[in-house]
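In case you want the letters, here they are:
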Amino acid sequence: MPIVPILQYPDARLGKTGEYVTDFGEELQKVVDDMLETLHNTENCAGLAATQLAFEHPKKITVLYDYRLAQRDPPKDAALCLINPEVIFSEGQLEEPEGCMSVPGGVYEVITTRAYKVIVKAFDREGKPFEIEGEGYMAKLLQHEIDHLNGIIFIDRLSRLKRQRIDKKLSKLKKWADD
Ligand code: NI
């Protein structure tokens, strides 16, 4: 099972919306396996969305660790797969910094629009519908990954000023790397 490269900002593909999954056949199973393999082999990675990986036609698929089971270092078998996920309930406000595997430079920012608690409906990899509830860190993770599937990365949700500051920092980093 190959590991799929993680796209790095400012790659324009990060702005793509994932296509809805309608076929839960063999091809989907292979994509999910590759995403899980990539998740397990990426250090400090809590979740991945298909739209941040180098797939030609990324679909609405995310894999993430279930932090409701273990707040620290969840085991591999605690990985969940959500297909066509959608937030159906949200409540409260979370003020916890977040980062992203697709945003280099150790950028961590509080996204003030994050809800403290969410309920998400999705399908599992077999096509069975389910709902999942998350609070705190888990709520943040679910919202972050669903944003990815809609072509939104977390820094898109920052104020223009903060965003400009980050873009400046990242272009400097890139210049150093290129020199
Ligand atoms: Ni991310």
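Shown above is the structure to which this text applies.
Rules and cut-offs
Residues numbered from 1 in each chain as written. Predicted model: local features only at pLDDT ≥ 70, side-chain atom pairs only at ≥ 80, totals over all residues. Heavy atoms only, no water. Helix = DSSP H or I, 4+ residues; strand = E, 2+ residues; numbered from the N terminus. Rg over C-alpha atoms; globule rule 2.2 N^0.38 Å. Contact = heavy atoms within 4.5 Å. Areas by Shrake-Rupley, 256 points an atom, 1.4 Å probe, with all protein chains shown as cover. Lys, Arg positive; Asp, Glu negative; His and termini not counted. Charge placed at Lys NZ, Arg CZ, Asp CG, Glu CD. Donors = N, O, S within 2.8 Å, 3.2 Å for Na, K, Ca; no water. Buried < 20%, exposed > 50% of the residue type's maximum accessible area, 1.4 Å probe, protein only. Phe/Tyr/Trp six-rings, centres within 6.5 Å; stacked < 30°, edge-to-face > 60°. Lys NZ or Arg CZ within 6 Å of the ring centre and 35° of its normal.

A. Representation of the overall build of the protein chain. Check the secondary structure of the protein chain and you find three helices and seven strands. Relative to the globule expectation of 16 Å for 179 residues, the C-alpha radius of gyration of the protein chain, 16 Å, shows essentially globular dimensions. Across its three principal directions, the C-alpha atoms of the protein chain cover 45 × 40 × 30 Å. Relative to all contacts within the protein chain whose residues are 6 or more apart in sequence, the contacts with residues 24 or more apart total 69%. Per element, the accessible surface of the protein chain, about 10,000 Å² overall, is 50% carbon and sulfur. The positive charge centre, built from 24 side chains, and the negative charge centre, built from 30, are 8 Å apart in the protein chain.

B. Region of the structure containing the coordination of the nickel ion. The nickel ion binds to the protein through Cys100 (SG), His144 (NE2) and His148 (NE2); the donor distances cover 2.1 to 2.3 Å. Mapped onto the sequence, the donors of the nickel ion take the spacing C-x43-H-x3-H. Linking Cys100 in the loop between strand E4 (97-98) and strand E5 (109-110) with His144 in helix H2 (residues 137-149), this pair joins segments that are 44 residues apart in sequence. By the burial criterion, Cys100 is buried, and His144 matches it.

C. The arrangement of the packing of aromatic side chains in detail. For the coordinates displayed, the defined rule picks out two aromatic pairs. On the basis of an interplanar angle of 55 degrees and a centroid distance of 6.0 Å, the ring pair of Phe24 and Phe123 is categorised as tilted. Of this pair, Phe24 sits in the segment before helix H1 (26-40) while Phe123 sits in strand E6 (residues 117-123), and the two are 99 residues apart along the sequence. Residue classification places Phe24 among the partly exposed positions, given a relative accessible area of 25%. Judged by its relative accessible area of 31%, Phe123 is partly exposed. With centroids separated by 4.7 Å and ring planes inclined at 55 degrees, the aromatic side chains of Tyr67 and Tyr137 adopt a geometry described as tilted. A residue pair is termed long-range when its members are at least 10 positions apart, and Tyr67 in the loop between strand E2 (61-65) and strand E3 (79-91) and Tyr137 in helix H2 qualify at 70 residues. By relative accessible area, Tyr67 is classed as buried at 12%. Over the ring of Tyr20 we find Lys60, and its NZ or CZ is 5.0 Å from the ring centre.

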